[in-house]
Number of protein chains: 2
Amino acid sequence: MTAEFALIQRYFSDPDVLRPDVLLGVGDDCAVLSPPAGKQLLVSMDTLNSGVHFFADVDPFTLGHKSLAVGLSDLAAMGAEPAWATLALSLPAVDDDWLEAFAQGFAQLAQRYQVQLIGGDTTRGALSISVQVHGFAVNRGLRRSAARAGDLIYVSGTLGDAALALHQYKQSGRPQAALMQRLQQPQPRVELGLAIADFAHACIDLSDGLTADLGHILSASQLGASIHQPDLPLSAPVRRHVEQTTDWSLPLSGGDDYELCFTLPPAQQSRLEALRPELDCELTCIGRIEAHTGLRLTTLDAGTQTISPAGYQHFRESV
Amino acid sequence: MTAEFALIQRYFSDPDVLRPDVLLGVGDDCAVLSPPAGKQLLVSMDTLNSGVHFFADVDPFTLGHKSLAVGLSDLAAMGAEPAWATLALSLPAVDDDWLEAFAQGFAQLAQRYQVQLIGGDTTRGALSISVQVHGFAVNRGLRRSAARAGDLIYVSGTLGDAALALHQYKQSGRPQAALMQRLQQPQPRVELGLAIADFAHACIDLSDGLTADLGHILSASQLGASIHQPDLPLSAPVRRHVEQTTDWSLPLSGGDDYELCFTLPPAQQSRLEALRPELDCELTCIGRIEAHTGLRLTTLDAGTQTISPAGYQHFRESV
């Protein structure tokens, strides 16, 4: 038995998540799976690297959570139901305490959505985590390219919290705990994605920042949008920061919030309103899709200006 | 458009591989796939790290090839038909020449088996490559656990070539080119895996070395085996090395050959023989599965000895 195999078996076998569509999980050359008939399979792979996506001394429990959360957020953005995950974990050395905490953070979130870890690879190397998630959807899921002129633009939760946590960390080393939780343990909006899958048009998750990610919807849909800055949903700390600095760049272009941004025809607004009581996140209409390309921002004092999508660039910034 | 997205689009879009079962490839939060009805989905994920699995100055073309080959070899070992791949690529910096060569090596092998790259992630970090492959099989594929007492044990190709290349590289820095090709550009035995899927019992690919990988079959099947050392298929350079050193550890426990080791009932031997003309690799019977647990090795001079499975341990050795 190789170290690789033993590590996966030891830390990542979770008897609490055993799905009937997993015919063979960890332990052979491949996992063997039985996707449901009549649905599409959706997959997404994300990598988190030490020093780029997280600090080397990050709490491994929260890192385990986030490693899975970013993928579940991609499934949520397509309106898909999570099912399986694979994990490629590169570690400088085997550290039992670290691995146990990482596995617990991963497993806690996996249990919530009954996501079974079906395989992966553990190797020696600089600390790096790649997770692929697999889920199911009907009608090919929600697409970035499906926005239509006249659609209302909604976001879930609040914007800029994760970026403010990072800002505070860099400034003082003492970020507010609630903000750090938003940065380190984002809650993927799985229930929301499933709830709107039938009637929303376009959807994306906010990993790179509102303007960058909404920009993806606009370019894929070949449309434009206007957003109304005063309507952006802000937590109390971000609102204070914006008021003190008059700088809106955190909610506009800060990454890592993992909220959903979606568009829907005005006729479906009442259907969305009816969902509110069952969802554990706020929903805020922030603007409208328009035929004229470009992203326009309306502010209280400066009128309307055209802004360029700017967000997290993987080869430019780091944590 | 983020750097991540642009990089994947720029280097890894291959118009020569467009499969009808890919409803949406790179460019949204998830890829959307349509697995075939009546078959199982098989997946495997492997990581290659700089300094552990390859030298930092490795030819990027061969690295692109090998990154996909190791996964296709896992599919081959289960008798599965390759279909899709995802790629998580961490790079210290964007190097256009390097990326182009890597993508070409990946694409050349992908085209051969019509494997479509459907997504992934490119991030900044220490050079690290994780590839997940996806394929289809009927009857759950070939399993490690399916060996039966009395089965004949076969291996494809020759054993120890990759390990000898590494040995020569470490000794002199000038390994033989043919051996280096075996180390850097292994040929996954996809056709062989598919050909024997109907009648072989257990199968595994030789990534960690013959005794370690055959050991996986034995422990999964709760059986033992005898192998006849003089029958191990050796290339001319490995045969010379063994004769000069009287050390059989390269063919017995050297990793990275990516040949298949499989077991089949003697009654199916003629069916295997009939396949030989269509296959581009040798097939050699090296021993037999036995009810008595343990791995026994018969040599010409020393009789029979019991050996322990030893092979590549990911947290102990490096390139």
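Engineer: So what's going on with the relation of the copies chain B and chain A? Residues and values would help.
Structural biologist: Overlaying chain B with chain A gives an RMSD of 0.0 Å, the required rotation being 180° about an axis along which the chain moves by 0.0 Å. Such a combination of turn and shift is consistent with a two-fold rotation axis. A high fraction, 100%, of the interface residues of chain B reappear at the interface in chain A, so the copies pair face to face through one surface.

Engineer: Give a detailed account of the packing of helix α4 (residues 161-172) of chain B against helix α8 (residues 236-245) of chain B, specifying residues and quantitative values.
Structural biologist: Residues and elements named next belong to chain B. In contact at an axis separation of 9 Å, α4 and α8 are set at 65° when each is read in the N-to-C sense. Looking at the two axes, α4 sits roughly perpendicular to α8. Every pair of crossing elements has a handedness; the one defined by α4 and α8 is left-handed. Seen from α4, the contacting residues are D161, L164 and H167; seen from α8, they are P237, V238 and H241. The residue inventory of the contact of α4 with α8, partitioned by class, reads three nonpolar, two polar and one charged.

Engineer: Before we move on, could you go through the domain arrangement of chain A and cite the residues and values that matter?
Structural biologist: All names here are of chain A. When the domains of chain A are assigned, the result is domain 1 (4-137) and domain 2 (144-311). The C-alpha-based centres of domain 1 and domain 2 are spaced at 27 Å. Per-residue buried area on domain 1 facing domain 2 is highest for F55, K66 and A77; these three make up 26% of the total on that side. At the boundary of domain 1 with domain 2, the tally comes to three salt bridges. Among the ionic pairs, K66 bridges to D256, the shortest N-O distance being 2.9 Å. Where domain 1 touches domain 2, the interface holds seven residue pairs in polar contact (both at pLDDT 80 or more). For the side of domain 1 that touches domain 2, the element with the highest residue contribution is helix α2 (residues 60-77), accounting for eleven residues. Residue composition of the side of domain 1 that touches domain 2, grouped by class: twelve nonpolar, four polar and five charged.

Engineer: A description of the packing of aromatic side chains should follow, citing residues and the corresponding values.
Structural biologist: Residues and elements named next belong to chain A. Inspection of the entire model under this criterion finds eight aromatic pairs over all chains. Seen in terms of ring centroids, Y154 and F262 are 5.6 Å apart; in terms of plane orientation they differ by 10°. Their pairing is stacked. Linking Y154 in strand β7 (residues 152-156) with F262 in strand β10 (residues 260-264), this pair joins segments that are 108 residues apart in sequence. Each member of the pair, Y154 as well as F262, is classed as buried.

Engineer: Break down the sheet that holds strand β4 (residues 81-91) of chain B for me, with residues and values.
Structural biologist: Judged by pairing direction, the sheet is mixed, and its six strands sit side by side in the order β1(A)-β2(A)-β3(B)-β6(B)-β4(B)-β5(B) without closing on themselves. Two strands bound the open sheet, and with one partner strand each, they are β1 (22-24) of chain A together with β5 (116-124) of chain B. Averaged over all pairs of adjacent strands, the angle between their axes in this sheet comes to 20°, without regard to strand direction. Taken together, the nine bridges between β4 of chain B and strand β6 (residues 128-137) of chain B define a ladder with antiparallel strand orientation. Residue pairing across strands places L89 of chain B opposite I129 of chain B, the latter belonging to β6 of chain B. The strands touched by helix α2 (residues 60-77) of chain B are β3 (40-49), β4 and β6 of chain B; relative to β6 of chain B, the strand with the most contacts, the crossing angle is about 35°. In this fold helix α3 (residues 96-112) of chain B packs onto β4, β5 and β6 of chain B, with an angle of close to 165° to the strand it touches most, β4 of chain B.

Engineer: Please set out empty space enclosed by the protein residue by residue, giving values where relevant.
Structural biologist: Residue and element names in this part refer to chain A. All told, the structure shown has six cavities of 30 Å³ or more when counted by the stated rule. In this model, the largest cavity occupies a volume close to 120 Å³. Forming the boundary of the largest cavity are twelve residues, of which H53, F54, K66, L183 and Q184 lie nearest the centre. Elements that contribute at least two residues to the lining of the largest cavity include exactly α2 and α5 (177-184). The element contributing the most residues to the lining of the largest cavity is α2, with three residues. Residues of the lining of the largest cavity, tallied by class, amount to seven nonpolar, three polar and two charged. Each of domain 1 (4-137) and domain 2 (144-311) gives at least three residues to the lining of the largest cavity.

Reading guide: rules and limits
Residues numbered from 1 in each chain as written. Chains lettered and ligands numbered in written order. Predicted model: local features only at pLDDT ≥ 70, side-chain atom pairs only at ≥ 80, totals over all residues. Heavy atoms only, no water. Least-squares fit on C-alpha atoms with pLDDT ≥ 70 in both. Contact = heavy atoms within 4.5 Å. Axes fitted to C-alpha atoms, helices over the stretch in contact; angles between N-to-C directions. Helix = DSSP H or I, 4+ residues; strand = E, 2+ residues; numbered from the N terminus. Parallel < 35°, antiparallel > 145°, perpendicular 65-115°, else oblique. Left-handed = near helix turned anticlockwise from the far one by under 90°. Nonpolar A, V, L, I, M, F, W, Y, C, P; charged D, E, K, R; others polar. Domains from an automatic or database assignment. Buried area = accessible area lost by both parts, 1.4 Å probe. Salt bridge = Lys/Arg side-chain N within 4 Å of Asp/Glu carboxyl O. Polar contact = N/O pair within 3.5 Å; in protein donor to acceptor, adjacent residues only side chain to side chain. Phe/Tyr/Trp six-rings, centres within 6.5 Å; stacked < 30°, edge-to-face > 60°. Buried < 20%, exposed > 50% of the residue type's maximum accessible area, 1.4 Å probe, protein only. Pairing = 2+ DSSP bridges. 1 Å grid on protein atoms, 1.4 Å probe; cavity = no way out; pocket = protein on both sides within 12 Å on 5 of 7 lines; lining within 4 Å. Points joined across faces, edges and corners; volume = space filled by probe spheres on them.

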